[in-house]
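# Coordinate inspection notes
This is what each chain is made of:
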Amino acid sequence: VQLQASGGGLVQAGGSLRLSCAASGSTISTYALAWFRQAPGKEREFVAANRNSGGVRQYSDSVRGRFTIIRDNAKNTVYLQMNSLKVEDTAVYYCGASRTVIASTLSNRGAFAYWGQGTLVTVSS
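Attention here is on the structure that accompanies the text. (Residues numbered from 1 in each chain as written. Predicted model: local features only at pLDDT ≥ 70, side-chain atom pairs only at ≥ 80, totals over all residues. Heavy atoms only, no water.)

Before going further, it helps to spend a moment on the overall build of the chain. A tally of helices and strands in the chain yields 0 helices and 11 strands. What you see for the chain is a C-alpha radius of gyration of 13 Å, in line with the 14 Å of a compact globule of 125 residues. Summarising its shape, the C-alpha atoms of the chain cover approximately 40 × 25 × 25 Å along the three principal directions. Residue burial in the chain is summarised as follows: out of 125 residues, 45% are buried. Here the analysis covers contacts within the chain between residues at least 6 apart in sequence; of these, 59% occur between residues at least 24 apart. Of the roughly 6,200 Å² of accessible surface on the chain, 48% is carried by carbon and sulfur atoms. A gap of 7 Å separates the mean positions of the 13 positive and 6 negative side-chain charges of the chain. (Helix = DSSP H or I, 4+ residues; strand = E, 2+ residues; numbered from the N terminus. Rg over C-alpha atoms; globule rule 2.2 N^0.38 Å. Buried < 20%, exposed > 50% of the residue type's maximum accessible area, 1.4 Å probe, protein only. Contact = heavy atoms within 4.5 Å. Areas by Shrake-Rupley, 256 points an atom, 1.4 Å probe, with all protein chains shown as cover. Lys, Arg positive; Asp, Glu negative; His and termini not counted. Charge placed at Lys NZ, Arg CZ, Asp CG, Glu CD.)

Encoded structure:
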């Protein structure tokens, strides 16, 4: 599967953005999907994941209640709806996909074999 992330940009603190990750080459219905992010000088960290359609969604503590991962199998796309953005949310956001990840390792970036190219989100104060 190939992944193409988009939707990043510059937004003021408190604002919203919706990131998209369009898949091609395979249907996402058979994949676990996730969003990770990497801030300058930091390691890539887990943001949100959904193991399968109708499955439980997982979020990092830092974004829970503000971000929502949305899977649209009909459009073969996964979204990340980001509300109440904070300056510390500034990062490059990556979407990932995996056919083999299990529920207990959804937050582990090593469990995802397929990655999009990343989209930059900048939150200004």
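A few words on the state of the cysteines. Throughout the structure, instances matching the rule amount to 1 disulfide. The partner cysteine of Cys21 in its disulfide is Cys95, sulfur to sulfur 2.1 Å. Sign of the S-S torsion, about 65° for the bond between Cys21 and Cys95, identifies this disulfide as right-handed. On the criterion of sequence distance, the pair formed by Cys21 in strand E3 (residues 17-24) and Cys95 in strand E9 (residues 91-98) is long-range, its members being 74 residues apart. In this structure, Cys21 and Cys95 share a single accessibility class: buried. (Disulfide = S-S within 2.5 Å.)

Attention shifts here to the sheet that holds strand E7 (residues 67-72). Read across the open sheet, the 4 strands follow the order E1-E3-E8-E7; overall the sheet is antiparallel. Each edge of the open sheet is held by one strand with a lone partner, namely strand E1 (2-6) and E7. Taking each pair of neighbouring strands and ignoring which way they run, the sheet shows an average axis angle of 15°. For E3 and strand E8 (residues 77-82), the ladder comprises 6 bridges, and the chain directions are antiparallel. (Pairing = 2+ DSSP bridges. Axes fitted to C-alpha atoms, helices over the stretch in contact; angles between N-to-C directions.)

On to the nonpolar core. Membership of the largest hydrophobic core comes to 28 residues, with the highest contact counts inside it found for Trp35, Val47, Phe67, Leu80, Met82 and Tyr93. Those elements giving two or more residues to this core turn out to be E1, E3, strand E4 (32-38), strand E5 (45-50), E7, E8, E9 and strand E11 (119-124). (Core = buried A, V, L, I, M, F, W, Y, C linked by side-chain atoms within 4.5 Å.)

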